[in-house]
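The primary structure of each chain is shown beneath.
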Amino acid sequence: MPKIQITAKGIRAALKKYVPYQSLTEYVWNGFDAQASIIKIDFTANELGNIESISISDNGYGIPHDKLQDKFEPLFESKKALENKLKKNLSAIHGKNGIGRLTFFTFARNAAWKTVYHQNDTNLTYEIYANAENINLYTGVNAVPRQTEEETGTTVTFSGIHGLTSHQLEEKFQEYMLKEFAWFLALNRHRNFAIIINGTAIDFQSIIADSEKFELEHEETKTVFFLYYVRWDQRLNNEPSRYYYINSEHKERWKEPTAIKNKGEQFYHSFFIESAYFDAFSFQSADSDQQEALIAGTRSDAQFKFLRKKLANILRIKRRPFLKGFAEQLLLDYEQKNILPTDAKDNLKQTIKILYEMQPKIFTSLNLEQKKILVGLLGILLESNKTENVAGLLGGIIELTPDEQSELTQLFL
Ligand SMILES: Nc1ncnc2c1ncn2[C@@H]1O[C@H](COP(=O)(O)OP(=O)(O)O)[C@@H](O)[C@H]1O
Ligand SMILES: [Mg+2]
């Protein structure tokens, strides 16, 4: 029986942070990592409400028998991760530590994989077994794969379940799965991806607090972008707020953090941008070879800059309501630090508040002296009869909406 290179104790130590729900997500990710589109999670309970078995099945490419040993060799940095090191800006590959499949010990005694893969014009199947007591052992390497009519994919079944009741799985599990996968399902919403728990697909829309679709055209180059902005009603498990760039086949090409530096406000968002322009686009212009840069779009293209400016402005507007409390806080802080004179007029305070909500960067990027100067100048401006210039000045820095423009005009009347 092949033996994993680290001891069972060593593996357990490395995995002790894992809780059962998290372990379950590892098996779902393994399915998506293997290019599955549909993951089914099924569990059965006895009359007492204890879970008897859980199975997770995917329609991915399976685990070819001749590669099993290689794939199940638990390096702390898995082969999958090493091969994809350059692709860390892609969601398609989640696995990175090479131990996800071992985490079942948090809730089960046994795990059995039945996998179907395609090789030499035929589909083959075999099983792999592992148990929690000897987590560094597994069977399957000596199995003889049999021909099958079944489609490719893998089903892992857990038995000897502990620490999970049907009540828990019915109440909280779905919510946990949404926090883990909602963004991924939204990202792949045109590719018929689904996670089905006991026959019911989870719906990423159910944790959306706000969403909006936009169609954007860069006129000079006739480049069209389809935008889908989503704000989640809660913090997602591990996925920060990001831009996702998607090509015309609806596949993710790249992801990166949005321009927003979270200041503690609960503005959890994802921004999906689809365009044929990303079919050939060099996201890492610096590393890409010259040849590629000649045929592909790059970040210095006019249409890309135009897009990023629009995205940042949409986010700025969407974020405003979340900054209200912070604007109040800013004023208190300015009073304490004597940036704001104690006898400051209400319209000066109001101006600072609104400017902060419109673009917090105006203030956060300044040092103490600069803040004093800015506030002083704003005070003088408000005393003068030149206030209508403020909107114009600000309009040069950020793209104000008509509503915001009239808001500023009102302020300075
Ligand atoms: N459902 C699956 N379908 C195809 N391959 C799988 C599946 N589950 C596990 N594997 C293979 O086993 C390897 C080890 O899985 P895992 O322990 O989760 O580590 P990681 O995902 O970090 O590589 C994976 O890299 C993959 O090659
Ligand atoms: Mg994994």
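As the structure is a computational prediction, the values presented were derived from the model and not from experiment. (Residues numbered from 1 in each chain as written. Chains lettered and ligands numbered in written order. Predicted model: local features only at pLDDT ≥ 70, side-chain atom pairs only at ≥ 80, totals over all residues. Heavy atoms only, no water.)

(A) Spatial organisation of the sheet that holds strand S12 (residues 252-257). Spatially, the 5 strands line up as an open sheet ordered S9-S10-S13-S11-S12, and their pairing is mixed. Pairing within the sheet leaves two strands with one partner each, and these edge strands are strand S9 (208-218) and S12. Across this sheet, the average inter-strand angle for adjacent strands is 15°, counted without regard to direction. Relative to S12, strand S11 (residues 242-246) runs antiparallel, the two sharing 5 bridges. Bridge assignment links Tyr244 to a residue of S12, and that residue is Lys255. Contacting S9, strand S10 (223-232), S11, S12 and strand S13 (269-274), helix H7 (residues 302-319) crosses the sheet at an angle of about 150° to S9. (Pairing = 2+ DSSP bridges. Helix = DSSP H or I, 4+ residues; strand = E, 2+ residues; numbered from the N terminus. Axes fitted to C-alpha atoms, helices over the stretch in contact; angles between N-to-C directions. Contact = heavy atoms within 4.5 Å.)

(B) The arrangement of the nonpolar core in detail. Ile54, Phe104, Phe158 and Trp232 are the most contacted members of the largest nonpolar core, which totals 66 residues. Examining the composition of this core, we find that 12 residues originate from one element, helix H5 (residues 166-187), more than from any other. Both domains that furnish three or more residues to this core are identified here as domain 1 (8-201) and domain 2 (204-318). Look past the residues within four positions of Phe158 in its chain and what remains in contact with it is Leu24, Tyr27, Glu52, Ser53, Ile54, Ile56, Phe104, Phe107, Ala108, Asn110 and Ala111. (Core = buried A, V, L, I, M, F, W, Y, C linked by side-chain atoms within 4.5 Å. Buried < 20%, exposed > 50% of the residue type's maximum accessible area, 1.4 Å probe, protein only. Domains from an automatic or database assignment.)

(C) Main features of the sheet that holds strand S4 (residues 122-131). Here 8 strands make up an open sheet; going across it, the order is S5-S4-S3-S6-S2-S1-S7-S8 and the pairing mixed. In this open sheet, the two edge strands, each paired with only one partner strand, are strand S5 (146-148) and strand S8 (200-201). Sheet analysis places S4 next to S5, joined by 3 bridges and oriented antiparallel. By the bridge assignment, Leu124 is partnered in S5 with Gln147. Along the sheet, helix H2 (residues 20-33) makes contact with strand S1 (38-45), strand S2 (51-58), strand S3 (108-119), strand S6 (153-161) and strand S7 (194-197), crossing S2 at roughly 20°. Strands in contact with H5 are S1, S2 and S7; relative to S7, the strand with the most contacts, it is inclined by about 180°.

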